[in-house]
Structures are given as structure tokens and as C-alpha cells.
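If you want the building blocks of each chain, they are given just below.
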Amino acid sequence: MTFGASVLRVSGGARSNMLHYSSSLSTHIPLPRSYLYLTNGRTRGRRTAAIASVRTFCSSDNTTSATTDAAVVDGEIANNSCSIKDAGNVLDLRVGRIVRAWKHEEADSLYVEEVDIGEAEPRVICSGLVKYIPIHLLQDKKVVVLANLKPRNMRGVKSSGMLMAASDAAHETVELLEPPESSAPGERIWFGSPEDEDHLPTPATPNQISKRKVWEMVQPHLKSDATCNAMLGEHYMRTSVGVVVCPSLKNANIS
């Protein structure tokens, strides 16, 4: 979003709780009151200045593309400029291959995996899959890795990423998402059509993902469809060679 020559106005009235951005085209985009910073003048209670701080971080090599130039404002999607698809595509999702897996020595419910995502060294990732997936089924398995989360200390092991999985409503069955077998470790995964691959934004940094709560915004919209395809709303999760799926769970939550 380019603001250019513009003004900000505060809606009046006792019930008003919104700040509006006004462009030369008289388009009003409501922003939450929490983004309004007021400075009092000498007269007690008098409002003398209002400043709205709008931060953008979704970017694209093609800056004229409206579908990839998303704006995210401190944990909320600005509905007039950023869709769930835009937010989903700043997640750094990668094809991974589990090189080695073992049980966490200090946590009975956790596996520790070394996962090749095309980097110089495998990522170390902890996952709570012990109850759901036998360890021998993890060895050499292709997976989907969310790679731009902040590292977390999991009972003494630094976990740098998350394996994406689908689960039923009762959370009794959990299945890892599966990229097409011919996908290469490190290949980027995105939401949308095959043509969208050429217009993807640069992934957000782990700090941006955390501060703006991008994962929390996107995750409720992640599901498998009636044919087990992984979806973000109506958009397929895909690699350059095909769509990501889960083995058998239909209409399941993905996280």
C-alpha cells in the first residue's frame, strides 16, 4: 500500500473507536483504534495530534502485483490490502526429507528429527508424533517443513522448524503432509495456482512471523479437502510438480 499525499481522520462520536485512512480517491480504510497514538496539548484532555503507524513486510520482485504486495499490521490482516493467501505465502514452507529420527531423551512424547531442507546442514526439529506415527515410518520420509518460525528449546533440544500434519477432530489420528515424491528437498511450497510461483513474496523473517502472529492468522484456514488435498481456504498447497496431500484424512485440520 502506498500512502502518498494523504490524511488521517478520527471518526467522531462517543461510539466511534476507529481511525480511517483517507486517500485522494476518498477511500476510507478502517484501522483498529490501537494503532492511534494521541498527544495531549496544554489543555487537559485535548487531542492535538494523531499518528497511525502501518507496517508492511510482504514484498515481491514484481512490486506492481496486487496479489503479492500484502500489508500486515501488528498481528491483523488489513482486509483491504492483504488476503489469507498473501499471508500464507510469507510462510517459508519447504519440502523436507527426514534424514534421521530418534526419541527425545527427556520427553517421552517427542521425536527429534534431522531434516534436509536444502541447506548446508539438516535442520533439527522436535515433533510430538510418538503417539501417532511409528519411528520407522519417519526414516527417509518426504515432509512439509515450516522453516521461518523462531527456534524453540524443547526440553534441552533447540527445534528450528515444524513438520506440518493433518489431524482428525478428536486428535486421535495424525498424518504428516506429503509433498509429491519427485519434489526436491528445499523446494519452496506455496498456496495458489502453478502460475503464482513466479510472483511469490519474499518469506517473512522469524521475528516478523512471531510479532505479527502470521501463523496464528493462517492456521485456522488450513484444511484437507474431501479428496485429501492440503488447502488454505480455496487455494491448493503445492510444489512445482504437484499438490501436497495427506494420506487419508479428509476435511481435517492442518497444523
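Residues numbered from 1 in each chain as written. Predicted model: local features only at pLDDT ≥ 70, side-chain atom pairs only at ≥ 80, totals over all residues. Heavy atoms only, no water.

*Asks:* Sorry if this is basic, but what is going on with the overall build of the chain here?
*Replies:* Counting its regular elements, the chain contains 3 helices and 22 strands. Within the chain, buried positions represent 44% of all 255 residues. Put simply, 57% of the contacts in the chain that link residues at least 6 apart link residues at least 24 apart. Total accessible area on the chain is roughly 13,600 Å²; 48% of this is exposed by carbon and sulfur atoms. (Helix = DSSP H or I, 4+ residues; strand = E, 2+ residues; numbered from the N terminus. Buried < 20%, exposed > 50% of the residue type's maximum accessible area, 1.4 Å probe, protein only. Contact = heavy atoms within 4.5 Å. Areas by Shrake-Rupley, 256 points an atom, 1.4 Å probe, with all protein chains shown as cover.)

*Asks:* Help me understand the side chain of Arg123, please; the structure alone is not making it clear to me.
*Replies:* Counting through the fold element by element, Arg123 comes out in strand β10 (residues 123-127). Of the polar contacts made by the side chain of Arg123, one reaches the side chain of Glu119; its length is 2.9 Å. There is a polar contact of 2.8 Å between the side chain of Arg123 and the backbone oxygen of Ser160. (Polar contact = N/O pair within 3.5 Å; in protein donor to acceptor, adjacent residues only side chain to side chain.)

*Asks:* How do you make sense of the pairing of strand β11 (residues 142-146) when you look at a structure like this?
*Replies:* Burial of β11 is extensive: 5 of the 5 residues sit out of reach of the surface. Here β11 shows two buried faces, one formed by Lys142, Val144 and Leu146 and the other by Val143 and Val145. Sheet topology places β11 next to strand β14 (residues 162-163); 2 bridges connect them, and they run antiparallel. Bridging from a neighbouring strand, Leu146 pairs with Met162 of β14. (Pairing = 2+ DSSP bridges.)

*Asks:* Explain the pairing of β10 here, please?
*Replies:* Looking along a regular strand, one sees the side chains alternate between the two faces of the sheet. Of all 5 residues making up β10, 4 are buried, and the element is well covered by its neighbours. Taken together, the 5 bridges between strand β9 (residues 111-116) and β10 define a ladder with antiparallel strand orientation. If you follow Val112 over to β10, its bridge partner there is Cys126. Counting the residues that bridge the hairpin from β9 to β10 gives 6 residues, and of these Gly118 lies at a positive phi of roughly 85°.

*Asks:* I tried to follow the pattern of salt bridges on my own but got confused; where do I start?
*Replies:* Opposite charge on two side chains permits pairing when their charged atoms draw close. Counted by the stated rule, this structure contains 7 salt bridges. Put simply, Glu114 and Arg100 hold a salt bridge, and the shortest N to O gap is 3.4 Å. Residue Glu114 is located in strand β9, and its partner Arg100 is located in strand β8 (residues 93-103); the two are separated by 14 residues in the primary sequence. Take Glu114: its relative accessible area is 22%, and that puts it in the partly exposed class. Look at Arg100 and you get partly exposed, because its relative accessible area is 41%. For Glu119, the salt bridge goes to Arg123, with nearest N and O atoms at 2.9 Å. According to the relative accessible area criterion, Arg123 is buried, its value standing at 16%. (Salt bridge = Lys/Arg side-chain N within 4 Å of Asp/Glu carboxyl O.)

*Asks:* What am I meant to see in unusual backbone geometry here?
*Replies:* Most of the time, phi is negative for any residue but glycine, and the peptide bond is trans. Its identity as a non-glycine residue notwithstanding, His171 has a phi of 55°, on the positive side. Inspection of the secondary structure puts His171 in the loop between β15 (165-167) and β16 (174-176). One non-glycine residue, Cys228, lies in positive phi territory at about 75°. The residue Cys228 is located in the loop between β18 (222-224) and β19 (230-232) in this model. Since its relative accessible area comes to 8%, Cys228 is described here as buried.

*Asks:* Is there a simple way to explain the layout of surface pockets in this structure?
*Replies:* Where empty space is left becomes clear once a probe the size of a water molecule has been rolled over the atoms. Computed from the structure, the largest pocket encloses a volume of approximately 650 Å³. Among the residues forming the lining of the largest pocket, the class breakdown is 15 nonpolar, 8 polar and 4 charged. (1 Å grid on protein atoms, 1.4 Å probe; cavity = no way out; pocket = protein on both sides within 12 Å on 5 of 7 lines; lining within 4 Å. Points joined across faces, edges and corners; volume = space filled by probe spheres on them. Nonpolar A, V, L, I, M, F, W, Y, C, P; charged D, E, K, R; others polar.)

*Asks:* Which parts of the structure should I look at to understand the packing of aromatic side chains?
*Replies:* Both the distance between ring centres and the angle between the ring planes are used here to describe each pair of aromatic rings. Tallied over the full model, the rule gives 0 aromatic pairs. Cation over ring: Arg100 sits above Trp102, and NZ or CZ is 4.0 Å from the ring centre. (Phe/Tyr/Trp six-rings, centres within 6.5 Å; stacked < 30°, edge-to-face > 60°. Lys NZ or Arg CZ within 6 Å of the ring centre and 35° of its normal.)

*Asks:* Could you clarify how one ought to interpret the environment of Arg152 in this entry?
*Replies:* As for its placement among the helices and strands, Arg152 is situated in strand β12 (residues 152-154). Overall, the relative accessible area of 56% leaves Arg152 in the exposed class. Counting along the chain gives 26 residues from Arg152 to Cys126, while the straight-line C-alpha distance between them is 9.2 Å. Once you skip the residues sitting within four places of it in the chain, Arg152 turns out to touch Val157, Lys158 and Ser159.

Remember that the coordinates give geometry; whether it matters functionally is a separate question.
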